Amino acid sequence: MLKVDLHCHSNISDGVLAPAAVAAYARTAGVDVWALTDHDEVSGVAAARTAALDLGMRFVAGVEISITWAGQTVHIVGLQVDENNPGLVQGLHQTRSGRDARGREIARQLDLAGIPDAYEGALKFVGNPDLMSRTHFARYIVETGKCADIPDVFKKYLSEGKPGYVEHRWATLAEAVGWIRGAGGVAVIAHPGRYRFSDMAQGVLFDEFKQLGGVAIEVVTGSHSPDQYPEYAQLANAYGFLASRGTDFHAPGESRVDFAKLPPLPANVTPIWHDWF
């Protein structure tokens, strides 16, 4: 059985390792098919592809696009995309714009909450200046000793209603799915169990996503708890979605589940990669 991981990040977005280093780390953990899905950025795909193929892995070009839907941030993963597609590249550039201003406002709020110099502190962890994110601030806050780990940071800061949370209007669902499909890719709702939607709202999201041409949801992901795996397997089948799998890896020891420990998809779903190889 192929060990497939279709969701992870490098230092091109909010990961810690360079794309080639992520590839090596995944391969050491036994991954056979791997996708790099950096946030709103595809500039790491070429290096990731070269490293993956050199290591004997099959590679899937990917991206994770931030959207705003019903007032919440939702992530849409694109797989099998052409990373040079002009529509995708321009759309991602448009999505990234405004992150620096958001970062400075996050830092201002954290300063008021007793965490000074957060912008400069977060910048130390940024590999791509266009993609400063809350995760970079979280790493800095851990470094200061204010919190024990990144989940603790998000519990106390950076989440809605907490100091340092700054809303940002991202792309629309239609735009993200359109960019992905225009680049020859397939669209996947990332870690659907992570969003704070009612069952009814989640159903509306799934229906709209399907109407726009979305084909899959993540079922087994490091952002889901084990009890959510069968729940989202059932929902994938109910809505006619394929199932995807990925760690949502950001750094060794930082993600909830590492490459080696993520379980396989449940047997009752159709993997998104079922006809790729």
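See above for the structure.
Just so we're clear, the structure is a prediction, and the values are computed from it rather than from any experiment.

Trainee: How would you summarise unusual backbone geometry if you had to cite specific residues and measurements?
Mentor: Backbone geometry follows two general trends: most residues other than glycine have a negative phi, and most peptide bonds adopt the trans configuration. The backbone of Asp117 shows a phi angle near 60 degrees, a positive value even though the residue is not glycine. Assignment of secondary structure puts Asp117 in the loop between α4 (99-112) and α5 (118-123). Despite not being glycine, Leu158 shows a phi value in the positive range, around 70 degrees. Checked against the element boundaries, Leu158 lands in the loop between α7 (150-156) and α8 (173-182). Residue Leu158 is classed as buried on the basis of its relative accessible area of 0%.

Trainee: Would you mind going over the packing of α4 against helix α6 (residues 134-144) in detail, with residue names and values included?
Mentor: Axis separation between α4 and α6 bottoms out at 10 Å; the angle between their running directions is 35 degrees. For α4 against α6, the interelement crossing comes out right-handed. Contacts between α4 and α6 pair Arg102, Gly103, Ile106, Ala107 and Leu110 from the former with Arg134, Phe137 and Ile141 from the latter. Of the residues assigned to the contact of α4 with α6, the class counts are 5 nonpolar, 1 polar and 2 charged.

Trainee: Just give me the short version of the sheet that holds strand β7 (residues 242-246), but keep the residues and values in it.
Mentor: Taken in spatial order, the 7 strands make up an open sheet running β1-β2-β3-β4-β5-β6-β7, and their pairing is mixed. Two strands lie at the open edges of the sheet, namely β1 (4-5) and β7, each paired on one side alone. Its contacts with the sheet put helix α9 (residues 199-211) on β3 (58-69), β4 (72-79), β5 (186-189) and β6 (216-221), and the angle it makes with β5 is roughly 175 degrees.

Trainee: Requested: an account of the environment of Val153, with residues and values cited.
Mentor: Mapped onto the elements of the fold, Val153 is located in helix α7. Of the residues examined, Val153 reaches a relative accessible area of 0% and is grouped as buried. When near neighbours in sequence (up to four residues on either side) are disregarded, Val153 contacts Ala138, Ile141, Val142, Cys147 and Leu158.

Trainee: Describe the pattern of salt bridges, listing the residues and the values that go with them.
Mentor: Throughout the structure, instances matching the rule amount to 11 salt bridges. A salt bridge links Arg49 to Glu83; the nearest nitrogen and oxygen atoms lie 2.8 Å apart. Here Arg49 is found in helix α2 (residues 45-54), whereas its partner Glu83 is found in the loop between β4 and α3 (86-96), with 34 residues between them in sequence. Arg49 gets classed as partly exposed once you look at its relative accessible area, which sits at 27%. According to the relative accessible area criterion, Glu83 is buried, its value standing at 11%. Lys156 is the partner of Asp152 in a salt bridge, and the nearest nitrogen-oxygen pair spans 3.4 Å.

Trainee: Help me get a handle on the packing of aromatic side chains, residues and values and all.
Mentor: In this structure the tally under the stated criterion is 11 aromatic pairs. When the ring of Phe206 is compared with that of Tyr239, the centres are 5.1 Å apart and the planes differ by 85 degrees; the resulting orientation is edge-to-face. Here the residue Phe206 occupies a position in helix α9, and Tyr239 occupies one in helix α10 (residues 228-239), the gap between them amounting to 33 residues. Given the relative accessible area of 0%, Phe206 is considered buried. With 6.2 Å between their ring centres and 10 degrees between their planes, Tyr239 and Phe241 make a pair best called stacked. Relative accessible area serves as the criterion here: at 22%, Tyr239 is assigned to the partly exposed category.

Trainee: If you had to explain the pairing of β4 to someone new, which residues and values would you point to?
Mentor: Among the 8 residues of β4, 7 are classified as buried, and the element is accordingly described as predominantly covered. Sheet topology note: the β3/β4 ladder contains 8 bridges and is antiparallel. The partner of Ile65 across the bridge, within β4, is Ile76. Sheet topology note: the β4/β5 ladder contains 4 bridges and is antiparallel. When the sheet's bridge partners are listed, Leu79 is paired in β5 with Val186.

Trainee: Account for the pairing of β6, with residues named and values stated.
Mentor: Across the 6 residues that make up β6, a large majority, 6, are buried. Where β5 and β6 come together, 2 bridges link them in parallel fashion. Bridging from a neighbouring strand, Val188 pairs with Ala216 of β6. A crossover connection joins β5 to the parallel β6 through α9; in handedness this β-α-β unit is right-handed. Sheet topology note: the β6/β7 ladder contains 5 bridges and is parallel. Considered in β7, the bridge of Val220 is made with Arg245. Assessed by its sense of winding, the connection that carries the chain from β6 through α10 to β7 is right-handed.

Scoring rules and cut-offs
Residues numbered from 1 in each chain as written. Predicted model: local features only at pLDDT ≥ 70, side-chain atom pairs only at ≥ 80, totals over all residues. Heavy atoms only, no water. Helix = DSSP H or I, 4+ residues; strand = E, 2+ residues; numbered from the N terminus. Buried < 20%, exposed > 50% of the residue type's maximum accessible area, 1.4 Å probe, protein only. Axes fitted to C-alpha atoms, helices over the stretch in contact; angles between N-to-C directions. Left-handed = near helix turned anticlockwise from the far one by under 90°. Contact = heavy atoms within 4.5 Å. Nonpolar A, V, L, I, M, F, W, Y, C, P; charged D, E, K, R; others polar. Pairing = 2+ DSSP bridges. Salt bridge = Lys/Arg side-chain N within 4 Å of Asp/Glu carboxyl O. Phe/Tyr/Trp six-rings, centres within 6.5 Å; stacked < 30°, edge-to-face > 60°. Right-handed = clockwise from strand over helix to strand, strands pointing away.

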